[in-house]
Amino acid sequence: MQDPSNQKCSGRKKTVSFSSMPSEKKISSAHDCISFMQAGCELKKVRPNSRIYNRFFTLDTDLQALRWEPSKKDQEKAKLDIAAIKEIRLGKNTETFRNNGLADQICEDCAFSILHGENYESLDLVANSADVANIWVSGLRYLVSRSKQPLDFMEGNQNTPRFMWLKTMFEAADVDGNGIMLEDTAVELIKQLNPTLKESKIRLKFKEIQKSKEKLTTRVTEEEFCEAYSELCTRPEVYFLLVQISKNKEYLDANDLMLFLEAEQGVTHITEGMCLDIIRRFELSEEGRQKGFLTIDGFTQYLLSPECDIFDPEQKKVAQDMSQPLSHYYINASHNTYLIEDQFRGPADVNGYVRALKMGCRSIELDVSDGPDSEPILCNRNNMTTQLSFQSVLEVVNKFAFIASEYPLILCLGNHCSLPQQKVMAQQMEKVFGDQLYTEAPLLSDSYLPSPEKLKRMIIVKGKKLPSDSDALEGEVTDEDEEAEMSRRMSVEDSGEQKQIWLCRELSDLVSICKSVQHRDFELSMKNQSYWEVCSFSETGASRIANEYPEDFVNYNKKFLSRIYPSAMRIDSSNLNPQDFWNCGCQIVAMNFQTPGPMMDLHTGWFLQNGGCGYVLRPSVMRDEVSYFSANTKGIVPGVSPLALHVKIISGQNFPKPKGACAKGDVIDPYVCVEIHGIPADCAEQRTKTVQQNSDNPIFDETFEFQVNLPELAMIRFVVLDDDYIGDEFIGQYTIPFECLQPGYRHVPLRSFVGDIMEHVTLFVHIAITNRSGGGKGQKRSLSVRMGKKVREYTMLRNIGLKTIDDVFKIAVHPLREAIEMRDNMQSAIVSVKELCGLPPIASLKQCLLTLSSRLVAADSSPSVVLAMRDTFPYLEPLGAVPDVQKRMLAAYDLMIQESRFLIEMADAVQEKIVQCQKAGMGFHEELHNLAAKEGLKGRKLNKAAESFAWNITVLKLAFLRRRGIPSLLKKFQSSQTSMQR
């Protein structure tokens, strides 16, 4: 992948949105929605017969009916009374949309439906933009909820909590008390209330208001101040969200906020007191803080706060098991750490070490040469003008070694020194690091390296080592460093023989569990390599191995450390793609920290997880001794249930002009790319439309869906680019591991090209993850759409070709099928309830039950059912006769409870059968090769049998891990019961 400054997103064809709103005036209140509806606009009317008609829809001036034209019906029949409306649904969530042959061509965010009459008939409509759809949905919901006093909003608009707060702010700044102030004062006041606004934009807004009133004076009245603030500081997308979750009020009370946090944001154990605390901290008006409600400004502040960040706060601290062997972790590693520019011209600089260590780097390079006055030095051997004394570098490393992380730091020594200066190196390291140097001899009785937990605050030296069976004070060892490789590549007369270098005993003794050795081949390594020996691979060599022997590379890395360094031909210090080697399980992928760009974005984003400690635990399928995983897999992963990631790009905030752009003024045409990085099967990219000439708050409102087969290795990269660029198109990016995503409505803090967080520059998105079966943050993942046959291949067992073993695995086929059917039946039942409730597949179980409870009411608004807990499950029992629509809902709900209960109650028994089969299969692990030899299997057939055996064990083992998510389903029902009662 090229740098973003040189490459445009290659996803979808460019499309342009000429305006994110139907008019220049922003929607900032229910009054604005009603006014727009009364003016009317064209909507597409969708019929069940797959026909679509263009009609002009308006709201009557008396707010009592919705009308459309042209129509073959009588004028009085081409209308819908507001009083007849039962419900308004956003999205394609009715039978008409689901069964319409053209539904795939209709944008989800532009579609909405009006359900009316006792039989819940639907009027299905499509707007020309998501904004227009939101205006109609918000306005209609407001009217329906206030059908008894429809004019209240007109009368009370000047007395809203927001208006009263703005009035208080104005009066405090109006020192003369005349109800009028200088424009400069008003501009400064708005900037104090919203620091992200540009002064030029505020002044332009005042000029627009004054021009509309044909005023000659530039003094600002209280009314004009409030109008300007409301239009400038109301984000329509946030307003629509607030109206939706507040049940059509223009503020949130503690109960609204609690339901939003539970059902949408995935927050557990939320209380009313916690919600009131949020209101006290974020609400701007004194009245709101005292009475316990959140207005649009407070809600906006809350959504922009770190509490609504997309990054899971649990991952901001060390959250993974740190007691596994060192080889089971990805390690944050730097290449040519002493450089702050490219390796061809750049000088050596101690700040390279400071930067890397502050970024949590746990593997740094020290390329040491002979210096003057018997003092070893570090320098760029291509640019000898700047030299660093080895001693001074060690002191800096010692100072910053454990600032960002307490876990072990690996020093990769590039030794180019004579024997006398090698002894000085050893003395200086012992003096500076003291007891922090890890020099304990590895135990022959162990099979794996110590854990990061055991090696806390230790410094490990990686380098060459003299033979342990020799007492010689010095000796020759092979030189496999990068310069040797470069020399071989550039030499015409390369004989293939390795260069020998002399090594002193003192330096050799500092190397313990990271002894550098040369890689020959995997067969020899698995037989002869000791667990404390480390192989370094050039990017070119590692790429060849990854392509030719992907499974062997993964298996090798379960026990041994691998270090990958960039190709010697990258003289500009460009970076390799670390994902290619992480997919193979390579732990130490060295990056040029001095070179920003997409590859460094991936590296930085990946190591944000686990508290940024520099160590990330690899997926279990890449750690377990007997497991199957291929780095080149373009399909399913054995035993891992694929997930669906739903990303809605809603809007952007305060986008800066691209740094390298020229002759464009301040105008940009932004669009957003969403990239998925991971195993080959997961890599994908989508882009939004372009929003023209809007950098302050462009509205995108586009939803994308991605299938993720191995979530533990996946990353999401959001990139914002300028479509009308001159010289540079890059605006900002943010890269996050899949496992760190938080669901719901989130702000994404964008980073600059060099990786710095840009103040107030964000993307507003909605995240949902479906089809997750247990494990991880189960309460945050909803179950969803039915899975196709192909997707379920991850649970299929393979034939090994050895009857004795195949007979054992055949016993597991039936319980595996039982497990799949139970889960699929439960998911299908949940989807049916969601469809009847008019909810999309991404809706959570709690959202589903809350919506269901609101539908099951009688004509007088009293409940038509009662909630009854039986054996910890929430059943709904009708109170007398109920309409057919409610009967269908109750039947679907009852089926969902029955299927879920059956799964929970049967899971243990089915699981026990699978576990017994897995244990029986593992009993053949040691004898597999002997049994294969007796059957005459050898060569490729033997390898295939071993691969199929590992596949089957992986499927059965991960089926056991998935079982751990079953109890969370019961907790969801119990938690949802509380919400339904509220």
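Fair warning: this is a prediction, and the values are worked out from it, not measured in the lab.

Across its full length, the chain holds 29 helices and 36 strands. Restricting the contact set of the chain to residue pairs at least 6 apart, pairs at least 24 apart contribute 70%. For the chain, the accessible area works out to roughly 42200 Å², and carbon and sulfur atoms hold 50% of it.

Alignment of strand S2 (residues 41-46) against strand S8 (residues 121-126), held across 3 bridges, turns out to be antiparallel. For Lys-44, the partnering residue across the bridge sits in S8 and is Val-126. The sheet contact formed by strand S7 (residues 111-116) and S8 spans 6 bridges and is antiparallel. In the sheet register, Leu-115 faces S8, and the bridge partner there is Ser-122.

This paragraph deals with the side chain of Arg-141. Within the element layout of this structure, Arg-141 appears in helix H3 (residues 130-145). Despite its burial, Arg-141 pairs with no opposite charge; the closest candidate is Glu-87, at 6.8 Å N-O. With near-sequence residues (within four places) excluded, Arg-141 lies in contact with Ile-88, Arg-89, Leu-90, Gln-244 and Asn-248.

Our focus in this paragraph is the confidence of the model for the chain. Looking at the chain as a whole, the pLDDT averages 85, with 87% of positions reaching at least 70. Here residues 148-156 scores under 50 on pLDDT; set against residues more than four positions off or in separate chains, the count is 8 contacts. Every residue in residues 772-791 is under pLDDT 50, and counting partners more than four places away or in other chains gives 67 contacts.

On to the environment of Pro-195, then. Along the chain, the position of Pro-195 falls in the loop between helix H6 (183-193) and helix H7 (199-212). The class of Pro-195 is exposed, set by a relative accessible area of 55%.

Here we come to helix H10 (residues 254-264). For H10, the buried fraction is high: 10 of the 11 residues fall into the buried class. Taking the backbone nitrogen of Asn-255 as reference, a side-chain oxygen 3.1 Å away marks Asp-253 as the first, capping residue of H10. Count one or two residues on from H10 and you reach Gly-266, which has phi positive near 75°.

The next thing to look at is the packing of aromatic side chains. Applying the stated criterion to the full structure yields 24 aromatic pairs. Judged by centre distance (5.0 Å) and plane angle (35°), the rings of Tyr-556 and Phe-560 are tilted. For Tyr-556, a relative accessible area of 0% corresponds to the buried category. On the accessibility criterion, Phe-560 (1% relative accessible area) is buried. Considering the side-chain rings of Phe-809 and Phe-949, the 5.9 Å spacing of their centres and the 65° angle between planes classify their relative orientation as edge-to-face. Of this pair, Phe-809 sits in helix H24 (residues 803-837) while Phe-949 sits in helix H28 (residues 940-963), and the two are 140 residues apart along the sequence. Summarising the burial analysis for this pair, Phe-809 and Phe-949 share the class buried. Three or more aromatic residues joined by ring pairs make a cluster, and in this case those are Phe-522, Phe-537, Tyr-549, Phe-553, Tyr-556 and Phe-560. One residue, Arg-235, lies across the ring of Phe-764, its end atom 5.1 Å from the ring centre. A cation sits over an aromatic face here: Lys-249 above Tyr-251, 5.6 Å from the ring centre.

What follows covers the environment of Leu-816. Its location among the elements puts Leu-816 in helix H24. In the structure, Leu-816 is positioned 21 residues away from Thr-795 in sequence and 7.3 Å away in space, judged by C-alpha atoms.

On to the nonpolar core, then. Formed by 80 residues in total, the largest nonpolar core has its most connected members in Leu-366, Met-429 and Phe-553. Among the nonpolar cores identified, the runner-up in size contains 58 residues, and Leu-63, Phe-240, Leu-294 and Tyr-302 belong to it.

Right, let's get into the pattern of salt bridges. Overall, the coordinates contain 45 salt bridges when judged by the stated rule. Here Glu-199 ties to Arg-203 by a salt bridge, and the two come within 3.0 Å at their closest N and O atoms. One end of the pair, Glu-199, and the other, Arg-203, are both in helix H7, 4 residues apart, so they sit about a helical turn from each other. The exposure class assigned to Glu-199 is partly exposed, which follows from its relative accessible area of 39%. Take Arg-203: its relative accessible area is 22%, and that puts it in the partly exposed class.

What follows covers the packing of helix H9 (residues 236-245) against helix H13 (residues 296-304). Two numbers describe how H9 lies on H13: the axes approach to 10 Å, and their chain directions differ by 105°. Comparing the axis directions of H9 and H13 gives the class roughly perpendicular. Residues Val-238, Tyr-239, Leu-241, Leu-242 and Ile-245 of H9 form the contact with H13, whose own contacting residues are Ile-296, Phe-299, Thr-300 and Leu-303.

This part takes up unusual backbone geometry. The step from Glu-69 to Pro-70 runs through a cis peptide bond, and the omega angle for that step is -5°. Tracing the chain through its elements places Pro-70 in the loop between strand S4 (65-69) and strand S5 (79-81). Positioned with a positive phi, His-269 is a non-glycine residue whose angle comes to about 55°. Inspection of the secondary structure puts His-269 in the loop between H10 and helix H11 (272-282). One non-glycine residue, Ser-573, adopts positive backbone phi at about 60°. The topology assignment puts Ser-573 in the loop between strand S23 (562-565) and helix H22 (578-582).

The next subject is the sheet that holds S5. A sheet is described by the order of its strands in space; here 7 strands give the open sequence S5-S4-S3-S2-S8-S7-S6, paired in antiparallel fashion. Two strands lie at the open edges of the sheet, namely S5 and strand S6 (85-90), each paired on one side alone. Pairwise comparison of adjacent strand axes, ignoring direction, gives a mean angle of 30° for this sheet.

Glancing now at the packing of helix H25 (residues 845-855) against helix H26 (residues 884-922). Viewed as axis vectors pointing N to C, H25 and H26 meet at an angle of 150°, and their least axial separation amounts to 11 Å. Here H25 runs over H26; the crossing is left-handed. Contacts between H25 and H26 involve Leu-845, Leu-849, Leu-852 and Arg-855 on the former and, on the latter, Gln-886, Met-889, Tyr-893 and Met-896. The residue inventory of the contact of H25 with H26, partitioned by class, reads 6 nonpolar, 1 polar and 1 charged.

To continue, consider the environment of Met-258. Inspection of the secondary structure assignment puts Met-258 in helix H10. Taking C-alpha positions, Met-258 is 6.7 Å from Glu-272, a pair spaced 14 residues apart along the chain.

Basis of the calculations
Residues numbered from 1 in each chain as written. Predicted model: local features only at pLDDT ≥ 70, side-chain atom pairs only at ≥ 80, totals over all residues. Heavy atoms only, no water. Helix = DSSP H or I, 4+ residues; strand = E, 2+ residues; numbered from the N terminus. Contact = heavy atoms within 4.5 Å. Areas by Shrake-Rupley, 256 points an atom, 1.4 Å probe, with all protein chains shown as cover. Pairing = 2+ DSSP bridges. Buried < 20%, exposed > 50% of the residue type's maximum accessible area, 1.4 Å probe, protein only. Lys, Arg positive; Asp, Glu negative; His and termini not counted. Salt bridge = Lys/Arg side-chain N within 4 Å of Asp/Glu carboxyl O. pLDDT = per-residue confidence, 0-100. Polar contact = N/O pair within 3.5 Å; in protein donor to acceptor, adjacent residues only side chain to side chain. Phe/Tyr/Trp six-rings, centres within 6.5 Å; stacked < 30°, edge-to-face > 60°. Lys NZ or Arg CZ within 6 Å of the ring centre and 35° of its normal. Core = buried A, V, L, I, M, F, W, Y, C linked by side-chain atoms within 4.5 Å. Axes fitted to C-alpha atoms, helices over the stretch in contact; angles between N-to-C directions. Parallel < 35°, antiparallel > 145°, perpendicular 65-115°, else oblique. Left-handed = near helix turned anticlockwise from the far one by under 90°. Nonpolar A, V, L, I, M, F, W, Y, C, P; charged D, E, K, R; others polar.

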